[in-house]
Amino acid sequence: MRAREEKRRDLAAIRGTPAQGLAGATLGFFFGFAAVALFGPTAERLRQIMDLPPILLGFLVAAPTLSGSLLRIPFSAWVDTTGGRKPFLVLLSLSIAGMAGLSLVLALLYPDKLTATYYPLLFALGALCGCGIATFSVGISQVAYWYQPARHGTALGAYAGIGNLAPGLFSFILPIALASIGLVGAYLAWLAFLVLGTVLYALLGRNAWYFQYLGRGLPANEARGLATHDGQRVFPSGKVMEGLRASARIWQTWVLVALYFTTFGGFLALTAWLPTYWSLYYDFGLRKAGALTAAFSLLASVVRVYGGSWADRWGGENTSAGSAIVLLAGSGILTFTSNFTLALAGTLLIAIGMGVNNAAVFKMVPQYARKAIGGASGWVGGLGAFGGFAIPPLLGLFVNLQGKKGYATGFVTFIGLALAALGLAVLLRVAGRKPPIIVYIRPR
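This structure is a prediction, so every number in the text was calculated from the model and none was measured.

Engineer: Whenever I open this one, the overall build of the protein chain confuses me. Can you help?
Structural biologist: Helices and strands together make up the secondary structure of the protein chain, namely 21 helices and 0 strands. Relative to its length of 444 residues, the protein chain is compact, with a C-alpha radius of gyration of 22 Å against a globular reference of 22 Å. Sorting the 444 residues of the protein chain into buried and exposed places 57% on the buried side. Considering only contacts within the protein chain whose residues lie at least 6 apart along the sequence, 84% involve residues at least 24 apart. Looking at the protein chain as shown, the accessible area adds up to about 17,400 Å², and 66% of this sits on carbon and sulfur atoms. With 34 positive and 13 negative side-chain charges, the protein chain shows a spacing of 7 Å between the two charge centroids.

Engineer: How do you make sense of the layout of surface pockets when you look at a structure like this?
Structural biologist: Sizing a probe to match a water molecule and rolling it over the atoms shows the empty space that remains. If you add up the space inside the largest pocket, you get close to 320 Å³. Forming the walls of the largest pocket are 13 residues, and the residues nearest its centre are Arg85, Asn207, Phe211, Gln212 and Arg216. Looking at the lining of the largest pocket, the elements with two or more residues in it are α5 (72–82), α6 (85–109) and α11 (209–215). Considering every element that reaches the lining of the largest pocket, the biggest residue donor is α11, with 4 residues. In terms of residue class, the lining of the largest pocket is made up of 2 nonpolar, 6 polar and 5 charged.

Engineer: Where do I start with unusual backbone geometry in this structure?
Structural biologist: Among all residues except glycine, the phi angle is most often negative; among peptide bonds, the trans geometry is most common. A cis geometry characterises the amide bond from tyrosine 110 onward to proline 111, with omega recorded as 0°. Counting through the fold element by element, proline 111 comes out in the loop between α6 and α7 (119–129). Despite not being glycine, aspartate 51 shows a phi value in the positive range, around 55°. Along the chain, the position of aspartate 51 falls in the loop between α3 (43–50) and α4 (54–70). The phi dihedral of aspartate 283 falls on the positive side, at around 60°, and the residue is not glycine. Along the chain, aspartate 283 turns up in the loop between α14 (251–281) and α15 (286–314). Judged by relative accessible area, aspartate 283 falls into the exposed class, the value being 57%.

Engineer: Is there a simple way to explain the environment of alanine 189 in this structure?
Structural biologist: Inspection of the secondary structure assignment puts alanine 189 in helix α10 (residues 165–204). The partly exposed category is assigned to alanine 189, whose relative accessible area is 42%. Remark: the alpha-carbon pair of alanine 189 and leucine 91, spanning 98 residues in sequence, is separated by 19 Å.

Engineer: What am I meant to see in the packing of aromatic side chains here?
Structural biologist: Enumeration over the complete set of coordinates arrives at 45 aromatic pairs. With centroids separated by 6.0 Å and ring planes inclined at 20°, the aromatic side chains of phenylalanine 136 and tyrosine 260 adopt a geometry described as stacked. Linking phenylalanine 136 in helix α8 (residues 135–146) with tyrosine 260 in helix α14, this pair joins segments that are 124 residues apart in sequence. The exposure class assigned to phenylalanine 136 is buried, which follows from its relative accessible area of 0%. Tyrosine 260 gets classed as buried once you look at its relative accessible area, which sits at 0%. Judged by centre distance (5.0 Å) and plane angle (85°), the ring pair of tyrosine 281 and tyrosine 282 falls under edge-to-face. Overall, tyrosine 282 belongs to the buried group, its relative accessible area being 13%.

Engineer: Help me understand empty space enclosed by the protein in this model?
Structural biologist: Under the definition given, this model contains 2 cavities of 30 Å³ or more. Counted as a void, the largest cavity has a volume near 40 Å³. Taken together, Phe31, Gly32, Ala35, Leu38, Ser95, Met99, Cys129, Trp190 and Leu194 make up the full set of residues lining the largest cavity. Mapped by element, the contributors of at least two residues to the lining of the largest cavity are α2 (18–33), α6 and α10. Tallied by class, residues from the lining of the largest cavity come to 7 nonpolar, 2 polar and no charged. A volume near 30 Å³ is recorded for the second largest cavity. Lining the second largest cavity are Phe39, Thr42, Leu46, Leu102, Leu106, Leu122, Leu183 and Tyr187. Broken down by secondary-structure element, the contributors of at least two residues to the lining of the second largest cavity are α6 and α10. Each residue belonging to the lining of the second largest cavity can be placed in one class, and the counts come to 7 nonpolar, 1 polar and no charged.

Thresholds, definitions, all that
- All residue numbers refer to position in the chain's written sequence, counted from 1.
- Whole-chain, interface and lining totals are the exception, using all residues; otherwise, since this is a predicted model, local features are given only for residues with pLDDT of at least 70 and side-chain atom pairs are given and counted only at 80 or more.
- Computation of side-chain values: all heavy atoms of the structure, hydrogens and water removed.
- Comment: elements are numbered from the N terminus, with helices defined as DSSP H or I runs of at least four residues and strands as E runs of at least two.
- The size measure is the radius of gyration over C-alpha atoms, and the globule rule it meets is 2.2 Å times the number of residues to the 0.38 power.
- Under the scheme applied here, a residue whose accessible area is under 20% of the maximum for its type counts as buried, over 50% as exposed, and between as partly exposed, the area being computed with a 1.4 Å probe on protein chains only.
- Any two residues whose heavy atoms approach within 4.5 Å at even a single point are treated as in contact.
- Methods summary: accessible areas were calculated by the Shrake-Rupley approach with a probe of 1.4 Å, and residue burial reflects only the protein chains presented.
- Counting rule for charge: Lys and Arg are taken as positive, Asp and Glu as negative, and neither His nor the chain ends is counted.
- Taken as the charge centre is NZ of Lys, CZ of Arg, CG of Asp or CD of Glu, depending on the residue.
- Grid points spaced at 1 Å over the protein atoms alone were grouped into cavities, where a 1.4 Å probe fits but cannot get out, and pockets, open sets with protein on both sides within 12 Å along at least five of seven lines, with lining residues defined by an atom within 4 Å of a point.
- Grid points are joined across faces, edges and corners, and a volume is the space filled by probe spheres set on the points.
- Just so you know the grouping, Ala, Val, Leu, Ile, Met, Phe, Trp, Tyr, Cys and Pro go in nonpolar, Asp, Glu, Lys and Arg go in charged, and all remaining residues, Gly too, go in polar.
- Centres within 6.5 Å make a pair out of two Phe, Tyr or Trp rings, where for Trp the six-membered ring is used; the pair is then stacked when the planes are under 30 degrees apart, edge-to-face when over 60, and tilted otherwise.

What follows is the structure in structure tokens.
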């Protein structure tokens, strides 16, 4: 009798609503995702002090996205077994460790003792800070389990769009902080911000009902039945590796990886690279370059919120194809102009194309991998976000080869990516939803 009463009290502790689950995940992602802008606004200052060539500078500004992309795969799949809270807290804690180490190194070495010898250390600490970026795929899975499939586009668009505001805000705020409290003070303030965000997520973050029931010791079948009664409709298929393997067998998963590499990887890459582009190609000051980068990042984030509802209305495949055309137009403008007004227009078009496509992709993830959302989110979010690490060094290579002109011509990279994305979106539209061909043989 006592055991039954204790079990009843445990089940009464199950709490949360889809709106609360969305709010908690969005909050945690917002704090962790700010690391995208870790080195971008300070890149020119570090380049001068450490005497770095453009390609090494490209690797440095992309360092946070290395861990922030690759760690998405295992951590997102982990959600399928335990829910999002544990993966979220581990990633945010690792990011805190990286930020503390970076702040300490800068306090001891900046500026006089910070030479190129310490480049590997800065790179490693930047990658550790980027663990917070990997919270994206964790939150995607966490939110998807809270909501019914018909609401995934809107819910995931809101989650990603609001969370994506962080790099833009930091691209704007960091140059101001640098001027007022210095580089070390700015990073210490960032460390305090990250600690605060982790504490808030620990207090507010909620797993979907199914995972809460599992956490109370209920068998999976019983937990699923209770969660279904509560209103949950999406459930994991099994263990971590099963989710990864199951989603890897779906060919659409790899198409979505390529689409996301172009637009979310591209978003990460440009958020890190644009401060350098604006300051060295147009000779703008750090604040103006930061403000222009913030305009790009914030627009891509805001439009992503609407992109989710557009994908719900018109279909993810159609929305993705339309966004690729917008991305192609913006990339073409940036590649062939040295006029600031045209370059700004091209940048904003790229922001719109990337933001809308990012929402469309994650509308399609639960659609094509309903029983392995965590695994599919890991592949798409992880390998797709790897573009944020791969693209900046390529842009830096154009500068190495062509000098200042390379800051513009490097955008031909995005022309190629946009054309590939358009073709893949059309492929999904034509073939992605076709039912399998079933041949019936009449017995004789």
